[in-house]
Amino acid sequence: MLSGNVSMKTFTVKLSDAGTYKCSLPAMKKEAEVELIVGQSDVIGSDQPVKVLVSDDIILPCHLEPPLDVTTLSVEWRRGPALVHVYRNRRDDPVSQDQNFKGRTSLFPDEMTRGNISLKLTNVTEQDAGNTPALFPNCTEALLHLLLVSTDKLKQFEMQ
């Protein structure tokens, strides 16, 4: 505390820890308040369209901020009504996955403890183009726009 830092570190944070905390220095007649929000993260995707060549592989970036271990939660990637990828019960769920994406998608299990829910899509087709939201319970939705690039021109497909 010689440097003047009187920060408090809380371990194993619980939902019940949420609220306003006040740091007081009575001798100096100074105080500050900090609002602690527990259990909510934002889903962050790319703010720019993701470009890829047909038949290439692509990673659609998406993560939680602040980072949150999502290994015990459900994650869904969708394109329109189609389920592009589903993760639940600590594993991928190919049963509910749309047939057009079977065998072509994966998450990064080793990075999910740090909130990474990016999707790897292999062998991209023209039908893959469009807006692809990552859905996550109790968080906001990230919307990514996938652009396909052919060798002769740039094609942009919009989903309805």
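Residues numbered from 1 in each chain as written. Predicted model: local features only at pLDDT ≥ 70, side-chain atom pairs only at ≥ 80, totals over all residues. Heavy atoms only, no water.

1. Digging into the sheet that holds strand E10 (residues 105-106)
The line we're drawing: When DSSP finds at least two bridges between two strands, those strands are taken to pair. Only DSSP runs of H or I reaching four residues or more are called helices, and only runs of E reaching two or more are called strands; each is numbered from the N terminus.
What the 3 strands build is an open sheet, ordered E5-E11-E10; its pairing is antiparallel. Because the sheet does not close on itself, it has two edges, and the strands there are strand E5 (58-60) and E10. In this structure, E5 lies alongside strand E11 (residues 119-121), joined through 3 bridges in antiparallel fashion. Across the sheet, Ile59 pairs through a bridge with Lys120, a residue of E11.

2. Observations regarding a nonpolar patch on the surface
Keep this limit in mind: Only residues whose relative accessible area exceeds 30% and that take part in no salt bridge are eligible for patches, with like-charged residues grouped when within 9 Å of each other and nonpolar side chains (Val, Leu, Ile, Met, Phe, Trp, Tyr) grouped when within 5 Å. Only the protein chains shown count as cover for residues, with accessible areas throughout obtained via the Shrake-Rupley method and a probe of 1.4 Å. Between Lys or Arg on one side and Asp or Glu on the other, a salt bridge is scored when a side-chain nitrogen of the former is within 4 Å of a carboxyl oxygen of the latter.
Together, Val6, Leu25 and Met28 line one region of the surface with nonpolar side chains, adding up to about 260 Å² of accessible area. With respect to the element layout, Met28 can be found in the loop between strand E1 (19-25) and strand E2 (30-36).

3. As for the layout of surface pockets
Heads up, the condition is: Points on a 1 Å grid over protein atoms alone make up a cavity when a 1.4 Å probe fits among them but cannot get out, and a pocket when they form an open set with protein on both sides within 12 Å along at least five of seven lines; lining residues each have an atom within 4 Å of a point. Grid points are joined across faces, edges and corners, and a volume is the space filled by probe spheres set on the points. Think of it as three bins: nonpolar holds Ala, Val, Leu, Ile, Met, Phe, Trp, Tyr, Cys and Pro, charged holds Asp, Glu, Lys and Arg, and polar takes everything else, Gly as well.
Approximately 410 Å³ is the volume found for the largest pocket. Ser7, Met8, Tyr21, Cys23 and Val34 are the residues nearest the centre of the largest pocket, which is lined by 16 residues in total. Only E1 and E2 provide two or more residues apiece to the lining of the largest pocket. Classifying every residue of the lining of the largest pocket gives 9 nonpolar, 3 polar and 4 charged.

4. Thoughts on the side chain of His85
Quick note on the threshold: Think of it in three bands: with a 1.4 Å probe and only protein chains considered, a residue is buried below 20% of the maximum accessible area for its type, exposed above 50%, and partly exposed in between. Polar contact is defined as a pair of N or O atoms within 3.5 Å, subject to the rule that within protein one atom must be able to donate a hydrogen and the other to accept it, and that residues adjacent in sequence are counted only when both atoms are side-chain atoms. In what follows, a contact means two residues having at least one pair of non-hydrogen atoms within 4.5 Å.
Note that His85 resides in strand E8 (residues 82-88). Taking the relative accessible area as the measure of exposure, His85 reaches 3% and is therefore buried. At a separation of 2.7 Å, a polar atom in the side chain of His85 contacts the side chain of Thr105. Residue contacts for His85: discarding those within four places in its chain leaves Val75, Glu76, Trp77, Asp92, Gln97, Thr105, Ser106, Leu107 and Leu119.

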